[in-house]
Amino acid sequence: MPTPPPARSPVVLRRLVRRPIKSLGAALALTVALVAVPGTATAAPGGADVVRSGWNDFSCKPSAAHPRPVVLVHGTLENATSNWWSFAPYLVDRGYCVFSFDYGKLPGIPAFYGLGPVAKSAEQLAVDVDKVLAATGADKVDIVGHSQGGMIPRQYMKFNGGATKVGALVGIAPNNHGTTLSGIAKLLDVVPGARGVIDGTAPGLTDQVVGSDFMKRLNEGGDTVPGVRYTVIATRYDEVVTPWRTQFLSGPNVRNVVVQDLCPVDISMHLTLGTIDRVAFHEAANALDPANATPANCASMVS
């Protein structure tokens with residue numbers, strides 16, 4: 001068992017709590033600004049059809065070692081490039097055919113995606129997966145998703161015919177059962193009209209709040225579908241999908257992993273876990289190829 005971290009004073013703890021709350025407030029403010037003032041954001045750096053460092057190459061044919069192409073699904077306020085600039089080349093270097101797409105676009109808001117209704121985003125994922133299967137000739141894909149992107153494939157597999165087209169789903173900090181957003185989500189019901197305003201402009205946010213109608217439908221009848229291997233990779237320091245244990249899934253063929261159990265000094269929070277954390281990357285690669293898995297640990301940070 002790893003040695004627990006030393007106790008911190010109340011003053012230090014208050015500072016640690018305020019830090020993520022400030023960052024979350026900034027993210028919400030950004031979302032409101034984008035919705036209120038369409039067209040003010042910087043354009044997205046290319047689309048999914050652009051080959052970037054070896055990924056989104058539709059001439060790629062899966063190898064015998066890695067017969068299933070990997071589809072990457074970005075998180076809220078991210079896009080197909082910004083979320084995967086580090087992890088996609090990591091997989092390409094290991095011999096995978098890798099693809100990423102944008103979803104959940106709102107009119108007039110470039111670059112920051114994942115804001116549309118989650119059910120509609122799952123329909124977009126269905127189209128993207130079929131596109132990859134047609135190009136590569138594979139029978140199934142594996143999916144790796146961050147945050148909302150780790151949950152959308154579950155909607156796709158449960159309601160959009162994806163169960164027979166997916167071999168493995170790896171969720172990195174996935175929002176599987178709704179989030180309290182470190183308590184901020186309560187403001188939706190405290191501030192008069194807040195839930196209605198956000199739901200009418202950026203429903204991809206309110207869909208993800210704990211107790212939403214979307215979350216109830218998604219999880220009714222169980223977390224998993226037969227025939228798919230599931231891996232959840234979480235961090236104890238997640239300040240966005242909270243409480244962090246709600247990311248875990250229950251059911252057959254499920255493995256729930258906490259990066260601090262693999263490397264006690266890993267201090268990644270929500271965003272860094274899905275964008276730059278090499279321990280999470282290593283464990284995701286293990287989940288994609290369990291027959292050749294190697295231990296993920298602190299040494300993974302520099303491998």
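The numbering scheme is per chain: residues are counted from 1 as the chain's sequence reads. Totals for whole chains, interfaces and linings use every residue, but because this is a predicted model, local features are given only for residues with pLDDT of at least 70 and side-chain atom pairs only at 80 or more, for both listing and counting. To get the side-chain values, take all heavy atoms of the structure and skip hydrogens and water.

**Some words on the pairing of strand 1 (residues 70-73)**
Type-normalised accessible area, obtained with a 1.4 Å probe on protein chains alone, sets the label of each residue: buried when under 20%, exposed when over 50%, and partly exposed for intermediate values. Think of it this way: any DSSP run of H or I at least four residues long counts as a helix, any run of E at least two long counts as a strand, and we number them from the N terminus. Residues Val70 and Leu72 line one face of strand 1 and the alternating positions Val71 and Val73 line the opposite face, and both faces are buried. Where the polypeptide runs from strand 1 across helix 2 (residues 87-92) and back to strand 2 (residues 98-101), its parallel neighbour, the crossover connection is right-handed. Relative to strand 3 (residues 141-146), strand 1 runs parallel, the two sharing 4 bridges. Residue pairing across strands places Leu72 opposite Val144, the latter belonging to strand 3. If you view a crossover with the strands going away from you and the path from the first strand over the helix to the second runs clockwise, you call it right-handed. Here, strands pair whenever DSSP counts at least two bridges between them.

**Comments concerning the state of the cysteines**
What counts as a disulfide here is a pair of cysteine sulfur atoms lying within 2.5 Å. Taken as a whole and assessed by the stated rule, the structure comprises 2 disulfides. Each sulfur in the disulfide pair Cys60 and Cys97 lies 2.0 Å from the other. Between Cys60 and Cys97, the S-S torsion sits near -80 degrees, and that sign places the bridge as left-handed. Here Cys60 is found in the loop between helix 1 (10-36) and strand 1, whereas its partner Cys97 is found in the loop between helix 2 and strand 2, with 37 residues between them in sequence. Residue Cys60 shares its accessibility class with Cys97, and that shared class is buried. In this model, Cys263 is linked to Cys298 through a disulfide, with the two sulfur atoms separated by 2.1 Å. One disulfide, between Cys263 and Cys298, carries an S-S torsion of 105 degrees and so falls in the right-handed class. With a gap of 35 residues between them, Cys263 in the loop between helix 9 (259-262) and helix 10 (270-275) and Cys298 in the segment after helix 11 (278-288) connect regions that are remote in the sequence. Take the cysteines of the protein that form disulfides and number them in order along the sequence; they join up as 1-2, 3-4.

**Some thoughts on a nonpolar patch on the surface**
Note that patches include only residues with greater than 30% relative accessible area and no salt bridge, and the join distances are 9 Å for like charges and 5 Å for nonpolar side chains (Val, Leu, Ile, Met, Phe, Trp, Tyr). Residue burial considers only the protein chains on display, and all accessible areas are found by Shrake-Rupley using a 1.4 Å probe. In what follows, salt bridge is the name for a side-chain nitrogen of Lys or Arg lying within 4 Å of a carboxyl oxygen of Asp or Glu. Taken together, the side chains of Tyr237, Ile267 and Met269 present a nonpolar region at the surface, about 280 Å² in accessible area. Note that Ile267 resides in the loop between helix 9 and helix 10.

**Some details on the side chain of Asp277**
Structurally, Asp277 can be placed in the loop between helix 10 and helix 11. Of the side chains bearing the opposite charge, Arg278 lies closest to the buried Asp277, which forms no salt bridge; the N-O distance is 8.2 Å. Polar side-chain contacts of Asp277 include one of 2.9 Å to the backbone nitrogen of Val279. The definition of a polar contact used here is a pair of N or O atoms within 3.5 Å, where within protein one atom must be able to donate a hydrogen and the other to accept one, and adjacent residues in sequence count solely through side-chain atom pairs. Among the polar contacts listed, one links the side chain of Asp277 to the backbone nitrogen of Ala280, at a separation of 2.8 Å. Leave out the neighbours within four places in its chain, and Asp277 touches Asp266, Ser268 and Thr272. A residue counts as positive if it is Lys or Arg and as negative if it is Asp or Glu; His and the chain ends are not included. Contacts: residue pairs with any heavy atoms within 4.5 Å of one another.

**Considerations on the packing of aromatic side chains**
We call Phe, Tyr and Trp rings a pair once their centres come within 6.5 Å, taking the six-membered ring for Trp, and we label the pair stacked below 30 degrees between planes, edge-to-face above 60, and tilted otherwise. Here the structure, examined in full by the defined rule, presents 7 aromatic pairs. Between Phe58 and Phe99, the aromatic rings sit 4.8 Å apart at their centres with planes inclined by 50 degrees, giving tilted as the arrangement. Of the two residues, Phe58 is situated in the loop between helix 1 and strand 1 and Phe99 in strand 2; the sequence distance between them amounts to 41 residues. Here Phe58 falls in the partly exposed class, since its relative accessible area comes to 24%. Plain terms: the ring middles of Phe87 and Phe281 are 4.8 Å apart, the flat faces sit at 50 degrees to each other, and that makes the pair tilted. Residue Phe87 is found in helix 2, and its partner Phe281 is found in helix 11; the two are separated by 194 residues along the sequence. Comparing Phe87 with Phe281, the two get one shared label, buried. A positively charged side chain is recorded as over a ring if its NZ (Lys) or CZ (Arg) lies within 6 Å of the ring centre. The angle to the ring normal must also be within 35 degrees. Directly above the ring of Tyr90 sits Arg94, whose terminal nitrogen or CZ lies 3.6 Å from the centroid. Directly above the aromatic system of Tyr113 lies the positively charged group of Lys105, at a separation of 5.3 Å from the ring centroid.

**Observations concerning the environment of Trp85**
Within the fold, Trp85 resides in the loop between strand 1 and helix 2. Remark: the alpha-carbon pair of Trp85 and Trp55, spanning 30 residues in sequence, is separated by 9.8 Å. In contact with Trp85, other than residues within four places in its own chain, are Trp55 and Ile276.

**Things to note about the packing of helix 3 (residues 118-136) against helix 4 (residues 148-159)**
To obtain each axis, a line is fitted to C-alpha atoms, and for helices this fit is confined to the stretch in contact; angles are then taken between N-to-C directions over 0 to 180 degrees. At a closest axis distance of 9 Å, the pairing of helix 3 and helix 4 adopts a crossing angle of 80 degrees. Looking at the two axes, helix 3 sits roughly perpendicular to helix 4. Contact residues: Val118, Ala119, Ser121, Ala122, Leu125, Ala126 and Val129 in helix 3; Gln148, Met151, Ile152, Pro153, Gln155 and Tyr156 in helix 4. In this classification, Asp, Glu, Lys and Arg are treated as charged, Ala, Val, Leu, Ile, Met, Phe, Trp, Tyr, Cys and Pro as nonpolar, and every other residue, Gly included, as polar. A class-by-class count of the residues in the contact of helix 3 with helix 4 yields 10 nonpolar, 3 polar and no charged. Throughout this description, any angle smaller than 35 degrees is read as roughly parallel, any larger than 145 degrees as roughly antiparallel, any in the 65 to 115 degree range as roughly perpendicular, and the remainder as oblique.

**Here's the deal with the nonpolar core**
Ranked by size, the top nonpolar core spans 35 residues in total, and within it Val71, Leu125, Val141, Ile143, Tyr156 and Met157 carry the most contacts. Among the elements of the structure, strand 1, strand 2, helix 3, strand 3, helix 4, strand 4 (166-172), helix 8 (213-219) and strand 5 (229-234) are those that each provide at least two residues to this core. If we ignore the near neighbours within four places in the chain, the residues touching Tyr156 are Ala122, Leu125, Ala126, Val129, Ile143, Gly161, Gly162, Lys165 and Val166. Put simply, a nonpolar core is a bunch of buried Ala, Val, Leu, Ile, Met, Phe, Trp, Tyr and Cys residues held in one set by side-chain atoms that sit within 4.5 Å of each other.

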